[in-house]
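The primary structure of each chain is shown beneath.
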Amino acid sequence: MPLIKVTDPADPRLDPYLRLTDRQLRSLVDPARARMVCESEIVIDVALDRGLVPESLFVSERHLPTLSATLGRLDPDVPVYSAPPEVMSQVTGFAVTRGVFGCFPRPAEASCRDVLAGIDAKRCKARVAVLEGQVDVSNVGAIFRSAAALGADAVLLSPTCADPLNRRAMRVSMGTVLQVPWARLPEPWPQGAVDLLHAHGYRCAALALDPDAVPLDDPRLAAEPKLALFFGTEGPGLSPAALAACDQSVIIPMAHGVDSLNVAAASAVTFWQLCGRV
């Protein structure tokens, strides 16, 4: 593999790692040019396991000796740019601790219909997470990690949700955004999404502080063959329209007067109760 030392943060070959915004990387006008930046050896290894081929890697000189296994998996013509830690920090805008980034072509997004059809072909019981308006990429990544670890079949996103292939979301997820099926739900939101889920046999359950909500450990929930579990944003939670469109509300019982959990923690508790043991 070509190992290329870089000492100038303005080097144009580093544009994907520094000067391109998330929107530019996604290249909505020309999907064939869309890119994603994977941060950390774990995420890059997951991408390689999926058969994705990087256009380049950007590695801290200090971490080169520890990356031999990952670097050994690359095609011989993939350039590896290497820089001192201080240059790397100038490029990325923060103190780099994980030591490696990879620029990959962005995988094509699946449609919701294809994701749901794929679940139907494999399982008679199913659990999918539905995220409304999640703009915190760290929360999105954490929800994907819990979904992968605890057995959710897919994550479906409202039209305004953050991009799961954002660099930070992928890092927080430990690469699971490349493993868990996901797609964006159709407009109009939320009714178009609920109609599609109903057409595939899902009961829509809103995680919400609702006086009519059933507790998460209600055995009727576990008995449902197909559940779509709706999660809202930090603070406001689900929108009134989403709450009204869902078939029922669900609440996680709390102690000590606590009324709610961070959405990432709430999703993990919910997946543990309703996904991993169906």
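The structure under discussion appears in the preceding block.
Predicted model only: the values in this text are computed from it and were never measured.

Considerations on the overall build of the protein
Then step 1. The helix and strand inventory of the protein stands at 12 helices and 12 strands.
Then step 2. Counting all 278 residues of the protein, 51% fall into the buried class.
Then step 3. Considering only contacts in the protein between residues 6 or more positions apart, those separated by 24 or more positions represent 79%.
Then step 4. Carbon together with sulfur atoms contributes 55% to the accessible area of the protein, which is approximately 12600 Å² in total.
Then step 5. Between the mean site of the 26 positive side-chain charges and the mean site of the 31 negative ones, the protein shows a separation of 3 Å.

Side note on helix H3 (residues 41–49)
Then step 1. Looking only at H3, the buried set comprises Val43, Ile44, Val46, Ala47 and Leu48.
Then step 2. Those residues of H3 that are buried lie in contact with strand E2 (35–39), helix H4 (68–71), strand E5 (100–105) and helix H8 (167–172).
Then step 3. Phi turns positive, to about 85°, at Gly51, one or two residues after H3.

Regarding the pairing of strand E7 (residues 154–157)
Then step 1. Alternating residues of E7 divide into Ala154 and Leu156 and Val155 and Leu157, and every residue in both groups is buried.
Then step 2. On the question of chirality, the crossover connecting strand E6 (residues 126–131) to the parallel E7 by way of helix H7 (residues 137–150) is right-handed.
Then step 3. Pairing of E7 with strand E8 (residues 182–184) involves 3 bridges; the strand directions are parallel. Bridge pairing in E8 links Leu157 to Arg184.

Description of the state of the cysteines
Then step 1. Summed over the entire model, instances satisfying the criterion amount to 0 disulfides.
Then step 2. Free cysteine: Cys112, not disulfide-bonded; nearest cysteine sulfur from Cys161 at 11 Å.

Some details on unusual backbone geometry
Only a minority of non-glycine residues have a phi that is not negative, and only a minority of peptide bonds are not trans.
Then step 1. With an omega of -5°, the peptide bond running from Glu187 to Pro188 counts as cis.
Then step 2. For Pro188, the location among the structural elements is in the loop between E8 and helix H9 (191–199).
Then step 3. Backbone torsion omega between Trp189 and Pro190 reads 0°, so that peptide bond is classified as cis.
Then step 4. Along the chain, Pro190 turns up in the loop between E8 and H9.
Then step 5. Its identity as a non-glycine residue notwithstanding, Ser40 has a phi of 100°, on the positive side.
Then step 6. With respect to the helices and strands, Ser40 occurs in the loop between E2 and H3.
Then step 7. At Met174, a position not held by glycine, the phi torsion is positive, near 60°.
Then step 8. Along the chain, Met174 falls in the loop between H8 and E8.

The rules we used
Residues numbered from 1 in each chain as written. Predicted model: local features only at pLDDT ≥ 70, side-chain atom pairs only at ≥ 80, totals over all residues. Heavy atoms only, no water. Helix = DSSP H or I, 4+ residues; strand = E, 2+ residues; numbered from the N terminus. Buried < 20%, exposed > 50% of the residue type's maximum accessible area, 1.4 Å probe, protein only. Contact = heavy atoms within 4.5 Å. Areas by Shrake-Rupley, 256 points an atom, 1.4 Å probe, with all protein chains shown as cover. Lys, Arg positive; Asp, Glu negative; His and termini not counted. Charge placed at Lys NZ, Arg CZ, Asp CG, Glu CD. Right-handed = clockwise from strand over helix to strand, strands pointing away. Pairing = 2+ DSSP bridges. Disulfide = S-S within 2.5 Å.

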